[in-house]
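A closer look at the structure
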Amino acid sequence: MPRVLLIEDDASVREGIELGLRRRGHEVRTAPTGEAGLAVIGEFRPDLLLLDLMLPGINGVQVCRQVREAGQLPIIMLTARGDDFDVVVGLEAGADDYIVKPARTEVIEARIRAVLRRIEEPGGRPAVEFHGDLAIDRAGLNVAKAGERVALAPSELKLLLYLTAAPEQVFSRQQLLEHVWEHSYHGDARLVDACVRRLRHKIEDLPGNPRYIQTLRGFGYRFGPL
């Protein structure tokens, strides 16, 4: 079972989530502050970070940015409200998904599994695909641009793999939520839009005038080098 690091300052929420996940077999480490959580990441080596957005001292957005700069640890943001500004800031900082508190353990567990699940690619695909100056190693889950490896968060990688599996096909935001984030309900398009913006900044020469990930207003997104 995945090892989970939970950074949450509310003791009752922290204990409730920890107990629920432990009952489901997870190894869980908790921290009440961002500073304490950052201090144990290297030693605990979690598979996923559950991160409260509103923390004393270093807040969740700052923690998210530091973790993302250091590597590709999957991050699910916890927020007490679905406020547009807070959610968008957290997603732009590099979070892969978010959950509005309070949330049932089975909901948290489902989101954890969805974020960590590796995409199963159909057989018969080339080991490395080339799209312009992008090289995508689907088996090794590596992406390079002009020969330089590109560090992608799990959600960014999954989105790129999904879009490039069907070049030129247009996908709605709801389709992407269902297949990339595995959200079966009518989900929040902010997850998709924030991830697209982050991905463009990493693979496009001109993110404001993208070559690879194109927006079709009123329809969604497609991958197709111009």
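My aim in this report is to walk through the structure given alongside it, one point at a time. (Residues numbered from 1 in each chain as written. Predicted model: local features only at pLDDT ≥ 70, side-chain atom pairs only at ≥ 80, totals over all residues. Heavy atoms only, no water.)

What to know about the side chain of Arg 111
So the rule is basically this: The numbering of helices and of strands both runs from the N terminus, where a helix is a DSSP run of H or I of at least 4 residues and a strand a run of E of at least 2. Nitrogen and oxygen atoms within 3.5 Å of one another constitute a polar contact, given that in protein one can donate a hydrogen and the other can accept it, and given that sequence-neighbouring residues count only through two side-chain atoms.
On the secondary structure map, Arg 111 appears in helix H5 (residues 105-116). Among the polar contacts made by the side chain of Arg 111, one reaches the side chain of Asp 97 at a distance of 3.4 Å. At 2.7 Å, the side chain of Arg 111 and the backbone oxygen of Tyr 98 are in polar contact.

Points about the sheet that holds strand E5 (residues 97-100)
Put simply, the test is: For two strands to count as paired, DSSP must find a minimum of two bridges between them. To define axes, lines are fitted to C-alpha atoms, for helices over the stretch in contact only, and angles between the resulting N-to-C directions are given on a 0 to 180 degree scale.
As summarised here, the arrangement of the five strands in space is E2-E1-E3-E4-E5, forming an open sheet in which the pairing is parallel. Looking at strand neighbours, the two that pair on one side only are strand E2 (27-31) and E5, the edges of this open sheet. For this sheet, the mean inter-axis angle between neighbouring strands, taken without regard to orientation, is 20 degrees. Examined bridge by bridge, strand E1 (residues 3-7) and strand E3 (residues 48-52) share four bridges and lie parallel to one another. If you follow Ile 7 over to E3, its bridge partner there is Leu 51.

Observations concerning helix H2 (residues 34-44)
What counts here: Three exposure classes are used, based on accessible area relative to the maximum for each residue type with a 1.4 Å probe and protein chains only: buried under 20%, partly exposed in between, and exposed over 50%. Think of the arc as the fan of directions from the helix axis to the C-beta atoms. Note on definitions: a residue-residue contact is assigned when non-hydrogen atoms from the two residues lie within 4.5 Å.
Buried within H2 are the following residues: Gly 34, Gly 37, Val 40, Ile 41 and Phe 44. Along H2, the residues classed as buried sweep out an arc of 130 degrees about the axis, all on the same side. Exposed side of H2, more than 90 degrees from the buried face: Ala 39, Gly 42 and Glu 43 are the residues found there. In this structure, the buried residues of H2 make contact with E1, E2 and helix H3 (60-70). Looking one or two places after H2, you find Arg 45, whose phi comes out positive at around 55 degrees.

Side note on H3
Inspection of H3 places Gly 60, Val 61, Val 63, Cys 64, Val 67 and Arg 68 among the buried residues, and these make up the whole buried set. Each buried residue of H3 sits inside an arc of 160 degrees when the element is viewed along its axis, so together they form one side. Every exposed residue of H3 that faces more than 90 degrees away from the buried side is listed here: Glu 69 and Ala 70. Regarding H3, its N-cap is Asn 59, as a side-chain oxygen of that residue lies 3.1 Å from the backbone nitrogen of Val 61 further along.

Quick notes on the pattern of salt bridges
Under the convention used in this document: Salt-bridge detection follows one rule: a side-chain nitrogen of Lys or Arg within 4 Å of a carboxyl oxygen of Asp or Glu.
Per the counting criterion, the structure on display carries 17 salt bridges. Among the salt bridges present, the one from Arg 68 reaches Asp 96, with a minimum N-O distance of 3.3 Å. Taken as a pair, Arg 68 in helix H3 and Asp 96 in the loop between helix H4 (84-92) and E5 lie far apart in primary sequence, 28 residues in all. Linked through salt bridges whose partners overlap, the residues forming this network are Glu 8, Asp 52 and Lys 101.

Looking at the packing of helix H1 (residues 11-23) against H5
Heads up, the rule is: Just so you know how the angles are binned, under 35 degrees is roughly parallel, over 145 roughly antiparallel, 65 to 115 roughly perpendicular, and the rest oblique. Two helices that cross are described as forming a left-handed crossing if the nearer one is turned anticlockwise from the farther one by less than a right angle, and a right-handed crossing if clockwise. In this classification, the charged set is Asp, Glu, Lys and Arg, the nonpolar set is Ala, Val, Leu, Ile, Met, Phe, Trp, Tyr, Cys and Pro, and all remaining amino acids, among them Gly, are polar.
Viewed as axis vectors pointing N to C, H1 and H5 meet at an angle of 65 degrees, and their least axial separation amounts to 10 Å. Classed by the angle they form, the pair H1 and H5 counts as roughly perpendicular. Between H1 and H5 lies a crossing whose hand is right-handed. Residues Ile 17, Gly 20 and Leu 21 of H1 form the contact with H5, whose own contacting residues are Thr 105, Ile 108, Glu 109 and Ile 112. Residue classes in the contact of H1 with H5 are distributed as four nonpolar, two polar and one charged.

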